[in-house]
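Residue-level listing of the chains:
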Amino acid sequence: MSAAIINTYKGVYSLRFAVWFAVIMASRAPGVRVCATTLTGFEPVVAEEARAKFELDDSAPIELSQARVFFSLEDASELPNLRDLKSCNHLYLVVQTLPGRVPEDESSFLRHLEVEIPHEIDWEYSLDLFNAHRRSFVPRSLRRRDISDGDPKPAPPADRVRNPNIIVAPPDSRLRGIIPSFRVTCLRASHGSHTRHGFTSMEAAARFGAGLHQAFDWPVELTAQRAVDITLFISDRDVWIGLRLTPESLHRRHLAVPGPTRYVGHGHMVNDASIK
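Residues numbered from 1 in each chain as written. Predicted model: local features only at pLDDT ≥ 70, side-chain atom pairs only at ≥ 80, totals over all residues. Heavy atoms only, no water.

### Re the overall build of the protein
Counting secondary structure elements, the protein contains six helices and seven strands. Walking the protein from its N terminus toward its C terminus, one meets helices and strands in the order α-β-α-β-β-β-α-α-β-α-β-β-α. Relative to its 276 residues, the protein shows a buried fraction of 41%. Accessible surface for the protein amounts to roughly 15,400 Å². Of this, 55% is attributable to carbon and sulfur atoms. (Helix = DSSP H or I, 4+ residues; strand = E, 2+ residues; numbered from the N terminus. Buried < 20%, exposed > 50% of the residue type's maximum accessible area, 1.4 Å probe, protein only. Areas by Shrake-Rupley, 256 points an atom, 1.4 Å probe, with all protein chains shown as cover.)

### Comments concerning the side chain of histidine 133
Looking at the element boundaries, histidine 133 is found in helix α4 (residues 123–133). On the basis of relative accessible area, histidine 133 is assigned to the buried category, the value being 13%. In this structure, histidine 133 is in contact with Ala76, Ser77, Leu79 and Pro80, ignoring residues within four places of it in sequence. (Contact = heavy atoms within 4.5 Å.)

### Details of the sheet that holds strand β6 (residues 228–235)
The strand order across the open sheet formed by seven strands is β2-β3-β1-β4-β7-β6-β5, and the pairing between neighbours is mixed. The two strands at the open ends of the sheet, each matched to only one other strand, are β2 (63–65) and β5 (182–189). Neighbour to neighbour, the strand axes of the sheet diverge by 30° on average, direction disregarded. Here strand β1 (residues 32–37) runs beside strand β4 (residues 91–98); their pairing, made up of four bridges, is antiparallel. Across the sheet, residue alanine 36 finds its bridge partner in β4, namely leucine 91. With respect to the sheet, helix α2 (residues 43–53) is in contact with β1, β2 and β3 (68–73), its orientation differing from that of β3 by roughly 15°. Packed onto the sheet, helix α5 (residues 201–216) meets β5, β6 and β7 (238–244) and runs at close to 145° relative to β5. (Pairing = 2+ DSSP bridges. Axes fitted to C-alpha atoms, helices over the stretch in contact; angles between N-to-C directions.)

### A few points about the packing of aromatic side chains
Under the definition given, this model contains eight aromatic pairs. Plain terms: the ring middles of phenylalanine 70 and tryptophan 240 are 4.4 Å apart, the flat faces sit at 20° to each other, and that makes the pair stacked. Linking phenylalanine 70 in strand β3 with tryptophan 240 in strand β7, this pair joins segments that are 170 residues apart in sequence. The same class applies to phenylalanine 70 as to tryptophan 240, namely buried. Between tryptophan 123 and tryptophan 218 the ring centres are 5.4 Å apart and the planes differ by 80°, which places this aromatic pair in the edge-to-face class. Separated by 95 residues along the polypeptide, tryptophan 123 in helix α4 and tryptophan 218 in the loop between α5 and β6 bring together distant segments of the chain. Take tryptophan 123 and tryptophan 218: they sit in the same class, and that class is buried. (Phe/Tyr/Trp six-rings, centres within 6.5 Å; stacked < 30°, edge-to-face > 60°.)

### Details of the pairing of β1
Counting buried positions along β1 yields six of six residues, so the element is predominantly enclosed. Side chains Val32, Val34 and Ala36 project from β1 onto one buried face, and the interleaved Arg33, Cys35 and Thr37 project onto a second face that is buried too. Pairing of β1 with β3 involves six bridges; the strand directions are antiparallel. In the strand pairing of β3, alanine 36 is matched with valine 69.

### Quick word on the side chain of histidine 90
Checked against the element boundaries, histidine 90 lands in the loop between β3 and β4. The class of histidine 90 is buried, set by a relative accessible area of 15%. Here threonine 246 takes part through its side chain, which lies 2.7 Å from a polar atom of the side chain of histidine 90. (Polar contact = N/O pair within 3.5 Å; in protein donor to acceptor, adjacent residues only side chain to side chain.)

### Points about the nonpolar core
Counting residues in hydrophobic clusters, the biggest one holds 52 residues, and the most contacted among them are Phe71, Leu82, Phe208, Ile230 and Ile241. In terms of residues, this core owes the most to one element, α5, which gives six residues. Counting six residues, the second-largest nonpolar core is a separate cluster that includes Cys35, Val94, Phe233 and Trp240. (Core = buried A, V, L, I, M, F, W, Y, C linked by side-chain atoms within 4.5 Å.)

### Focus on α2
Buried within α2 we find Glu43, Val46, Ala47, Glu49 and Ala50. Down the axis of α2, the sector holding all buried residues measures 165°, keeping them to one side. Directly beyond the C-terminal end of α2, a positive phi value near 50° is found at glutamate 55. (Arc of directions from axis to C-beta.)

### Some words on the environment of leucine 232
By the element assignment, leucine 232 lies in strand β6. Owing to a relative accessible area of 0%, leucine 232 belongs among the buried residues under this scheme.

### Some words on the environment of alanine 215
Within the secondary structure, alanine 215 sits in helix α5. Overall, the relative accessible area of 0% leaves alanine 215 in the buried class. The spatial distance from the C-alpha of alanine 215 to the C-alpha of valine 115 is 8.5 Å, given a sequence separation of 100 residues.

Keep in mind these numbers describe shape, not what the thing actually does.
Listed below in structure tokens is the structure:
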């Protein structure tokens, strides 16, 4: 084989490697997507405050859903600054966006939640990013019971019976031995009879949690000692999956005197946002 042909093959494979490497690096880009929850009707206020405080371009997409606002930060180092937002309640690190994932025939969706979707998320990268920043969102009143560590969980028995429909993840996807305790919550909304879901929020959360448990042997923990809160957002046909950064609602910042008459400070949320 001539040297010219050999050099041609080398050039082709070098180009393929460069494209593959670019795709990998793009998937690990420093930008992160976040979700902020608020009171129904306050979504534009949160969007305007986020655009002003993070100096987001007018072309930067901000997605509004019922009581939720999704937007992206250019750098993960900006995550701790999210706690300065005054018009939101909870903050989430979005680890997967699945537009149009809920099919018209919903009979297979719950199975997809349990069998396929847990393997479509880069949990190692997401949990590393989550662990690096979540302590910034823990109020001082809760720092005595640190939710980030918890007691080490024993390895599951080797003879555990598995669901035969679950694709068992390879050993290298067990997050280098990390076994976080978790709870799954589903927040669901459908607009109009044509998008009414044929399943409940409890069913969706249970099937997704079962899939995580079967795939990675993560223990379910429903008490306050869990290491991570995983939230399913389902709006019509779209699905988002997020890790909750705030252990308690940020509206408590507006409570001057706790008591039986305390309420969510609607007016304070708007005034503190300081939107010009």
